[in-house]
Amino acid sequence: MSPQKMSVRRVAVVGGARIPFARSDGPYATASNQQMLTAALDGLVERYDLQEPGVVGEFVAGAVLKHSRDFNLARETVLGSRLHPTTPAYDIQQACGTGLQAVIAAANKIALGQTESAVAGGADTASDAPLGVNDSLRRILLQARRAKSLGGRVKALAKVRPGHLVPDIPRNAEPRTGLSMGEHAAVTARAWGIGREAQDELAAASHQRLAAAYERGFFQDLVVPFRGLARDQNLRPGSTAEKLAALKPVFGLDHPDPTMTAGNSTPLTDGAATVLLASEEWAKARGLEPLAYLTAYETAAVDFVGGDVAGGEDGLLMAPAYAVPHMLERAGLGLADFDLVEIHEAFASQVLATLAAWEKRGLGTVDRARLNVAGSSLATGHPFAATGARIVATLAKLLAEGDAPARGLISVCAAGGQGVTAILERA
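What you are looking at is a predicted structure, and each value in this text was computed from that prediction instead of being measured.

Colleague: Just to check I follow, could you spell out the side chain of Thr 87 for this structure?
Modeller: With respect to the helices and strands, the residue Thr 87 is situated in the loop between helix H2 (73-79) and strand E4 (89-91). By relative accessible area, which is 3% here, Thr 87 ends up buried. Among the polar contacts made by the side chain of Thr 87, one reaches the main-chain carbonyl oxygen of His 84 at a distance of 2.8 Å. Setting aside anything within four residues of it in sequence, one finds Thr 87 in contact with Val 56, Gly 57, Glu 58, Phe 59, Arg 75 and Val 78.

Colleague: What's the story with the nonpolar core in this structure? I'm lost.
Modeller: For soluble globular proteins, nonpolar side chains are generally found buried alongside one another. Grouped together as the largest cluster of nonpolar side chains are 48 residues, with contacts concentrated most on Leu 100, Phe 219, Leu 277, Ile 410 and Leu 424. When residues in this core are grouped by element, the largest group, nine residues, is from helix H3 (residues 98-111). Sequence-distant contacts of Ile 410, defined by excluding residues within four places in its chain, comprise Leu 100, Glu 342, Ile 391, Val 392, Leu 395, Val 420, Thr 421, Ala 422 and Leu 424. Formed by 37 residues, the second largest nonpolar core is a distinct cluster that contains Ala 39, Leu 73, Val 224 and Leu 229.

Colleague: Please clarify how empty space enclosed by the protein should be interpreted in this entry.
Modeller: Inspection of every chain in the model, using the stated rule, returns two cavities of 30 Å³ or more. Put simply, the largest cavity is a space of about 50 Å³. Every residue lining the largest cavity is listed: Gly 16, Ala 17, Arg 18, Phe 219, Leu 222, Ala 273, Thr 274, Ala 389, Arg 390, Ala 393 and Thr 394. Residue contributions to the lining of the largest cavity peak at four residues, all from helix H13 (residues 387-400). Of the residues in the lining of the largest cavity, the class split is six nonpolar, three polar and two charged. Roughly 30 Å³ of volume is contained in the second largest cavity.

Colleague: Would you explain the side chain of His 207 in this entry?
Modeller: Within the secondary structure, His 207 sits in helix H7 (residues 196-215). A polar contact of 3.3 Å, which involves the side chain of His 207, links it to the backbone oxygen of Leu 378. Residue contacts for His 207: discarding those within four places in its chain leaves Asn 234, Leu 235, Arg 236, Ser 239, Leu 378 and Ala 379.

Colleague: I keep staring at the state of the cysteines and nothing clicks. Help me out?
Modeller: Overall, the coordinates contain zero disulfides when judged by the stated rule. With no disulfide partner, Cys 413 has as its closest neighbouring cysteine sulfur the one in Cys 96, 6.3 Å distant. Taking relative accessible area as the criterion, Cys 413 reaches 2% and is therefore assigned buried.

Rules and cut-offs
- Residues numbered from 1 in each chain as written.
- Predicted model: local features only at pLDDT ≥ 70, side-chain atom pairs only at ≥ 80, totals over all residues.
- Heavy atoms only, no water.
- Helix = DSSP H or I, 4+ residues; strand = E, 2+ residues; numbered from the N terminus.
- Buried < 20%, exposed > 50% of the residue type's maximum accessible area, 1.4 Å probe, protein only.
- Polar contact = N/O pair within 3.5 Å; in protein donor to acceptor, adjacent residues only side chain to side chain.
- Contact = heavy atoms within 4.5 Å.
- Core = buried A, V, L, I, M, F, W, Y, C linked by side-chain atoms within 4.5 Å.
- 1 Å grid on protein atoms, 1.4 Å probe; cavity = no way out; pocket = protein on both sides within 12 Å on 5 of 7 lines; lining within 4 Å.
- Points joined across faces, edges and corners; volume = space filled by probe spheres on them.
- Nonpolar A, V, L, I, M, F, W, Y, C, P; charged D, E, K, R; others polar.
- Disulfide = S-S within 2.5 Å.

Here is the structure:
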């Protein structure tokens, strides 16, 4: 018997729901990943009437900063939400690319006909980051556990000293280099000659555009109030390049003329986001109009340890400079074919370096009027695993606002020298 031929279907982005993003140690300081993700998922379930069994084929989500209690986070979120408890779920993680990778994983099953619908997303809390046991203490505790007698356990525990009680606090640093993401970005900024003024202008534009989007009601059906917040807490509507210019640099201080400040860098953030994906047939049967279609995606990685880091080519956050050209070549497209471009704003310098790298690779320039038109991570904040889902839902709705066919590009950089990119189209 010959295997059945599988056809690839279009994957519709039907809608999204997220909670407002909050600065760490703020309104969500006591909220867990599961609580935030459940709130975002419940908002989606209520908005699109997804309570019945079998309506959603699968839930895919993840978090970057996870406690042991976050084991099986996606499935536990389903069980605590309004989504039917018979909905399968699994976790995924690729640093800041987690949310977009969750979307891609769910989309692949829909495209291959393995399911008709799925929800993808992510959550992260920088406020409730896990604290690890001091490694020396961990070894002592393990020795005590292995002991065959009470005396052996007491002997092992007697080795504990006050210094062993100091916890291992998570650091925003790459294990291979010991440098924080901001310090890596500062190296790339110097390599590409990214100046302070350009960074502050991009950061101010992000805040101004996000504020304008809220004012016109754009996020009314995308953002679910949570713990007293109805808007992203990091948003500063009055931001200007002149105000940001007064801030002191915080990264790259070991070199002359550092340019990266808290204002043109993304703050530590708490939040969660979800996206509803489906086949065209599923959406039509439920009377839902797709916002856009996910038509292509690509991942890449760079050697940020031994590669051309000083030259800027292989900086920690430069993988999208490789992923996007590959994706566009496969799709037969150029940057000029996109009506909108969404680049995750981990740092203003990283966005500008990515744009410069695309231009160097012959892709052309991106009209700033088409870039992050409703604001992005510098204004919303960046709960690591939630950002990809936020961007997909935002871009899909932006594309749906126009009557004519339109196309949007997504670019997300991630820790570990990785990048996740995608294309959305409105037919």
